[in-house]
Amino acid sequence: MAYSTTTTVALQVAGLLLALTAVAASANMMSGSAAPVNKSCVTGSAGAAVSIGYGGARASAGAGVSLGAGAYRATCPRAEEIVRAGVERAVAADPRMAASLLRLHFHDCFVNGCDGSVLLDDKPPFFIGEKTAVPNANSLRGFEVVDAIKAELEQECPETVSCADLLAIAARDSVVVSGGPTWEVEAGRKDSRTASLQGANANLPAPTSGVATLIQKFRNVGLSAKDMVALSGAHTIGKARCTSFSARLASGAGVSFSTAADMGFLQSLQQLCSGSAGSALAHLDLATPATFDNQYYINLLSGDGLLPSDQALASPLGATVPGGADDVDVAGLVAAYAFDASVFFQDFAESMHQMGRLAPGGGGGNGEVRVNCRVVNSSS
């Protein structure tokens, strides 16, 4: 697939990034990171552990839920090893699976907290879960990988490791196996006995969302505008169907393009999608599609963001954040992450930690550890 990586654009981006040194330094202070500036503007420390300040201490994520690092050290010592090996096998067979497993955790946590509800199969007419919601139908994948890992966990230590924890660990390992940062995953979640189709349709951001809508969606579940920008960086891996960015091709998603290269990028996508009835897949990051790095943000600065919701982050119009205690210069943060991958890695790990603490609204007291992630235990 053709994309705009011409010398002219490279020079323009390089010049812009150098001019944004002050912005990056400001973001370092904002994130509390003391990491040195990455002069390459592209690479970070792949797999490097980042410190996010919780030190393994247990923390309440809602009534009835107590999360902590090393939760399975005594009850299932090989739990994380089993999950990691399963993720590595799956990604080796299908590199796209890393993004799919990461996305499963995101779509789980945004609907009634991180409770494994996204994994429940429909049982019409009695139960319709989240899999057929508009953001999920014919889009979420990786369920068979989760099934295989869960089967190994059940053989090793029956009824011990929840499906919700499995997703959280697998998401971390998917980032690591793709070259991104690692962090300690807090565990202790319970699995929900229900799911919410309405919640999935209402809570999950759409690929056409503008900055204000994206921020509000994150604030609705207790995450900040900064979390939104950092977690959007997950789009440095994975693919999207043409139907997800058709609005981008039609109008540029409200972003002003200033170079012929920008238009060349869109024209290459139009060529890919023409005649495919929207089913063709494009890399979210055309430059380094299988590597978890900060290239996603560099792409945004050159107008090469795939989804309308992605490219909107770099628009000057996106710099105005609705009022709130978490005000942040969205476009400035995009530039900071493009300039210094280590800042992005640090903030991404912190935001994943925060998202992983999203608990069910009613707490976890009524949860369980499912034996089969697709069905509640009473239906097994």
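The name given to the protein chain in an unreviewed UniProt entry is Peroxidase, with Urochloa decumbens as the source organism. The record in UniProt for the protein chain states the following under Catalytic activity (unreviewed entry): "2 a phenolic donor + H2O2 = 2 a phenolic radical donor + 2 H2O".

> If you had to explain the nonpolar core to someone new, which residues and values would you point to?
Leu102, Tyr297, Leu313, Phe348 and Met355 are the most contacted members of the largest nonpolar core, which totals 77 residues. The contact partners of Leu313, leaving out residues within four places of it in the chain, are Val211, Leu214, Met228, Ser232, Tyr296, Leu300, Val330, Ala331 and Val334. If you look at the next biggest cluster of nonpolar residues, it comprises 14 residues, including Phe245, Leu269, Ala282 and Leu286.

> Lay out the UniProt feature "binding site: heme b" (unreviewed entry) in the protein chain in plain terms, naming residues and giving numbers.
When the UniProt feature table is mapped onto this chain, "binding site: heme b" (unreviewed entry) is found at His235. Along the chain, His235 falls in the loop between helix 9 (225-232) and strand 4 (239-241). Sequence-distant contacts of His235, defined by excluding residues within four places in its chain, comprise Leu284, Asp285, Tyr296, Leu307 and Asp310.

> Explain empty space enclosed by the protein to me, using residue names and the numbers behind them.
Within this structure, the stated rule accounts for two cavities of 30 Å³ or more. Together, 12 residues line the largest cavity, and Trp183, Val185, Arg189, Met352 and His353 are the ones closest to its centre. The element that contributes the greatest number of residues to the lining of the largest cavity is helix 15 (residues 341-356), accounting for three residues. Among the residues forming the lining of the largest cavity, the class breakdown is five nonpolar, three polar and four charged.

> Which residues make up the layout of surface pockets, and what values do they have?
Computed from the structure, the largest pocket encloses a volume of approximately 1000 Å³. Looking at the largest pocket, it is lined by 42 residues, and the ones nearest its centre are Arg103, His107, Ser139, His235 and Leu307. Going through the elements one at a time, helix 4 (97-109), helix 8 (211-220), helix 9, strand 4, helix 13 (308-311) and helix 15 are the ones with two or more residues in the lining of the largest pocket. Partitioned by chemical class, the residues of the lining of the largest pocket number 26 nonpolar, 10 polar and six charged.

> Residue-level account of the state of the cysteines, with values.
Enumeration according to the criterion identifies four disulfides in this entry. Note that Cys76 is cross-linked by a disulfide to Cys157, the S-S spacing being 1.8 Å. Disulfide Cys76-Cys157: torsion about the S-S bond near -45°, hence left-handed. Remark: Cys157 occurs in the loop between helix 5 (143-156) and helix 6 (163-177) and Cys76 occurs in the loop between strand 2 (65-69) and helix 3 (79-93); sequence separation between them is 81 residues.

> An account of the environment of Leu167 is requested, with residue identities and associated values reported.
Structurally, Leu167 is set in helix 6. Taking the relative accessible area as the measure of exposure, Leu167 reaches 1% and is therefore buried. A C-alpha to C-alpha distance of 9.5 Å links Leu167 and Arg103, two positions 64 residues apart in sequence. When sequence neighbours within four positions are dropped, the list of residues in contact with Leu167 reads Leu104, His105, Asp108, Val118, Leu119 and Val146.

> Explain the side chain of Asp173 to me, and be specific about the residues and the numbers.
Summarising the element assignment, Asp173 is placed in helix 6. Under the relative-accessibility criterion, Asp173 is labelled buried at 6%. A distance of 3.5 Å separates a polar atom in the side chain of Asp173 from the backbone nitrogen of Arg84. Side-chain polar atoms of Asp173 contact the side chain of Arg172, separated by 2.6 Å. Not counting the four nearest positions on each side in its chain, Asp173 is found in contact with Glu80, Val83, Arg84 and Val87.

> So what about the pattern of salt bridges? Which residues, and what values?
A side chain with one charge can pair with a side chain of the opposite charge if their charged atoms come near. Within the structure shown, the criterion is met by 14 salt bridges. One salt bridge connects Arg172 with Glu80, and the closest N-O pair in it is separated by 2.7 Å. Taken together, the positions of Arg172 in helix 6 and Glu80 in helix 3 put the pair 92 residues apart, joining distant regions of the chain. Arg172 sits in the buried class, given a relative accessible area of 7%. Here Asp147 makes a salt bridge to Arg374, at a shortest N to O gap of 2.7 Å. Remark: Arg374 occurs in the segment after helix 15 and Asp147 occurs in helix 5; sequence separation between them is 227 residues. Take Asp147: its relative accessible area is 25%, and that puts it in the partly exposed class. Here the residues in one salt-bridge network are Asp121, Lys131, Asp147 and Arg374, joined through shared partners.

Procedures and definitions
Residues numbered from 1 in each chain as written. Predicted model: local features only at pLDDT ≥ 70, side-chain atom pairs only at ≥ 80, totals over all residues. Heavy atoms only, no water. UniProt positions renumbered as here; feature names shortened; annotations may be inferred. Core = buried A, V, L, I, M, F, W, Y, C linked by side-chain atoms within 4.5 Å. Buried < 20%, exposed > 50% of the residue type's maximum accessible area, 1.4 Å probe, protein only. Contact = heavy atoms within 4.5 Å. Helix = DSSP H or I, 4+ residues; strand = E, 2+ residues; numbered from the N terminus. 1 Å grid on protein atoms, 1.4 Å probe; cavity = no way out; pocket = protein on both sides within 12 Å on 5 of 7 lines; lining within 4 Å. Points joined across faces, edges and corners; volume = space filled by probe spheres on them. Nonpolar A, V, L, I, M, F, W, Y, C, P; charged D, E, K, R; others polar. Disulfide = S-S within 2.5 Å. Polar contact = N/O pair within 3.5 Å; in protein donor to acceptor, adjacent residues only side chain to side chain. Salt bridge = Lys/Arg side-chain N within 4 Å of Asp/Glu carboxyl O.

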